[in-house]
Amino acid sequence: MSEPVIRCLWVGLGAVTGIMRPQLGPWHRAVGVVDPRPEARAAAQVAWSLPDSALFADLDRALAAVECDAVIINTPADLHFAQISAAIAVGRHVLAAKPVTNDFAEAATLVALARARGVTLSVGQQIRYNRHYRSVAAFLAAGGIGEAQAAFFMNSKPRPNPANLARSDQPALYENACHHFDSFLALFPDRTPEYIACDGFRPSWSTYVGPCMVNATIAFSGGLHLLYHGGFSSQAPMYEFRIEGSAGALRCRGLHMSNDTMGYEVAPALGQFASSAIDVGVEAQDPFRPFFAHWRDYVLGGAEPPFSGRNNLKVMAMLCAAIDSLAGDGRRVAIAGNPRYEAAFARVDAAAPSAR
Ligand SMILES: NC(=O)c1ccc[n+]([C@@H]2O[C@H](COP(=O)([O-])OP(=O)(O)OC[C@H]3O[C@@H](n4cnc5c(N)ncnc54)[C@H](O)[C@@H]3O)[C@@H](O)[C@H]2O)c1
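The model shown is predicted, which means the values in this text are computed figures rather than measured ones.

1. Remarks on the packing of aromatic side chains
Working step 1: Evaluation of the coordinates by the stated rule reveals 20 aromatic pairs.
Working step 2: When the ring of Phe184 is compared with that of Phe241, the centres are 6.0 Å apart and the planes differ by 50°; the resulting orientation is tilted. On the criterion of sequence distance, the pair formed by Phe184 in helix 7 (residues 171–187) and Phe241 in strand 11 (residues 233–245) is long-range, its members being 57 residues apart. With respect to burial, Phe184 and Phe241 carry one shared label: buried.
Working step 3: For the ring pair Tyr208 and Phe232, a centre distance of 6.0 Å and an interplane angle of 15° mean the geometry is stacked. Taken together, the residues Tyr208 in the loop between strand 8 (193–201) and strand 9 (213–220) and Phe232 in the loop between strand 10 (224–231) and strand 11 connect sequence positions 24 residues apart.

2. Focus: the domain arrangement of the chain
How big an interface is tends to be stated in terms of the accessible area lost upon association of its parts.
Working step 1: We note that the domain assignment places domain 1 (6–126 + 287–304) and domain 2 (129–275) within the chain.
Working step 2: Taking only C-alpha atoms into account, the centre of domain 1 sits 29 Å from that of domain 2.
Working step 3: Listed by partner, the interface residues are 12 residues for domain 1 and 7 residues for domain 2.
Working step 4: Each partner contributes to the roughly 880 Å² buried at the junction of domain 1 and domain 2, and carbon and sulfur atoms together form 53% of this total.

3. Some details on the nonpolar core
Working step 1: Counting residues in hydrophobic clusters, the biggest one holds 80 residues, and the most contacted among them are Phe181, Phe184, Tyr228, Phe241, Ile243 and Leu250.
Working step 2: Residue contributions to this core peak at 11 residues, all from helix 9 (residues 309–327).
Working step 3: Taken domain by domain, the makeup of this core includes at least three residues from each of domain 1 (6–126 + 287–304) and domain 2 (129–275).
Working step 4: When sequence neighbours within four positions are dropped, the list of residues in contact with Phe241 reads His132, Tyr133, Ala151, Phe152, Phe153, Phe184, Leu187, Leu250, Arg251 and Cys252.
Working step 5: Counting residues in each nonpolar core, the second largest holds 24 residues, with Ala70, Leu95, Trp295 and Phe307 among its members.

4. Describing the site of the ligand
Working step 1: Surrounding the ligand, one finds 26 residues, the nearest of these being Ala15, Val16, Asp35, Arg37 and Gln126.
Working step 2: Contact distances for the ligand include 3.4 Å between an oxygen atom and a backbone N or O atom of Thr75.
Working step 3: In the complex, 79% of the free accessible area of the ligand, which totals 840 Å², lies under the protein chains.
Working step 4: When residues of the shell around the ligand are traced back to their parent elements, those giving at least two are helix 1 (15–20), helix 4 (80–89) and helix 7.
Working step 5: Residues belonging to the shell around the ligand are distributed by class as follows: 12 nonpolar, 10 polar and 4 charged.
Working step 6: Two domains share the shell around the ligand, each providing at least three of its residues, namely domain 1 (6–126 + 287–304) and domain 2 (129–275).

About the thresholds
- Residues numbered from 1 in each chain as written.
- Predicted model: local features only at pLDDT ≥ 70, side-chain atom pairs only at ≥ 80, totals over all residues.
- Heavy atoms only, no water.
- Phe/Tyr/Trp six-rings, centres within 6.5 Å; stacked < 30°, edge-to-face > 60°.
- Helix = DSSP H or I, 4+ residues; strand = E, 2+ residues; numbered from the N terminus.
- Buried < 20%, exposed > 50% of the residue type's maximum accessible area, 1.4 Å probe, protein only.
- Domains from an automatic or database assignment.
- Contact = heavy atoms within 4.5 Å.
- Buried area = accessible area lost by both parts, 1.4 Å probe.
- Core = buried A, V, L, I, M, F, W, Y, C linked by side-chain atoms within 4.5 Å.
- Near = heavy atom within 4 Å.
- Polar contact = N/O pair within 3.5 Å; in protein donor to acceptor, adjacent residues only side chain to side chain.
- Areas by Shrake-Rupley, 256 points an atom, 1.4 Å probe, with all protein chains shown as cover.
- Nonpolar A, V, L, I, M, F, W, Y, C, P; charged D, E, K, R; others polar.

Here's what the structure looks like:
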């Protein structure tokens, strides 16, 4: 039987499209591209053997002209709401880069629009499929340290060129913490984020306009308290993740969440750390590869993935609560249980077609 094909219109031909392109499978067919930069359109034309008629500088014209099943939107986040709405309105499945928008209410509106139109909405959050997080998830699920109740997470890197974040109000939260928060949800799937208290700052050497370094405490249900640091203005790479459970502790040390050179150590309760290769047997692969395998299945009518627009509302709730807390001098802001983020935690009948 031949592989079903998903005809894709690509919008925004910058860095993340370049990262995704090698991870697509035989199911993928590019049928059009949109970008205001002629050189980006020309490069995509060569890469995907497209005719001139498939190249557009404007999304509305492309949506009117191109027969496609899905629209993949990798533009700056402030364009997402209008572009995703336009694609859903004409009945296309949408995959949008993270953050799906910069605002929780907008994200919830997009989820509702997609449900009403009967199309899928997905968010390009692939980091939970890194070998590192898959290894830790498997270790925790197997009871490696018992019930997790304390976690200490630090991941910041020197990124002295703000590039696409030069004007961002919240560079660390939207660009970096969204992946971290999604990974926490992957590692602790039975826990619900209850509240966050957040502090943001800029070291004197920072080149960002917004708070490029963020410290926070995040409380999850089940008595799990997580101490968080993330950002872009450290002086050297920093990745350390320590999880303490009822039966012991796990320590992971490396360079960055996306770098697989991780060292793992495990200690029994009240004991000493010893090396433990918890990632043996977990395949190293680009996280967009398993991401796209799940996305393909979802678009073709399969299971809803963790990165559906609806599931991703939990990440948006955590981000927006963090921003509220920063704006409120670090006060504690409720996440689940906060009426503002109700759509993220509402129970939906998964059997209903509108749940897509
Ligand atoms: N998941 C990840 O690991 C990851 C990594 C990097 C970026 N991102 C996200 O991807 C998105 C894009 O980031 P990037 O790094 O690829 O940025 P980029 O600047 O490299 O690319 C953005 C592209 O969008 C194009 N564009 C601008 N306005 C447009 C419009 N109106 N219509 C169509 N195209 C338009 C630009 O010309 C550019 O080619 C952001 O939301 C970012 O947060 C995700």
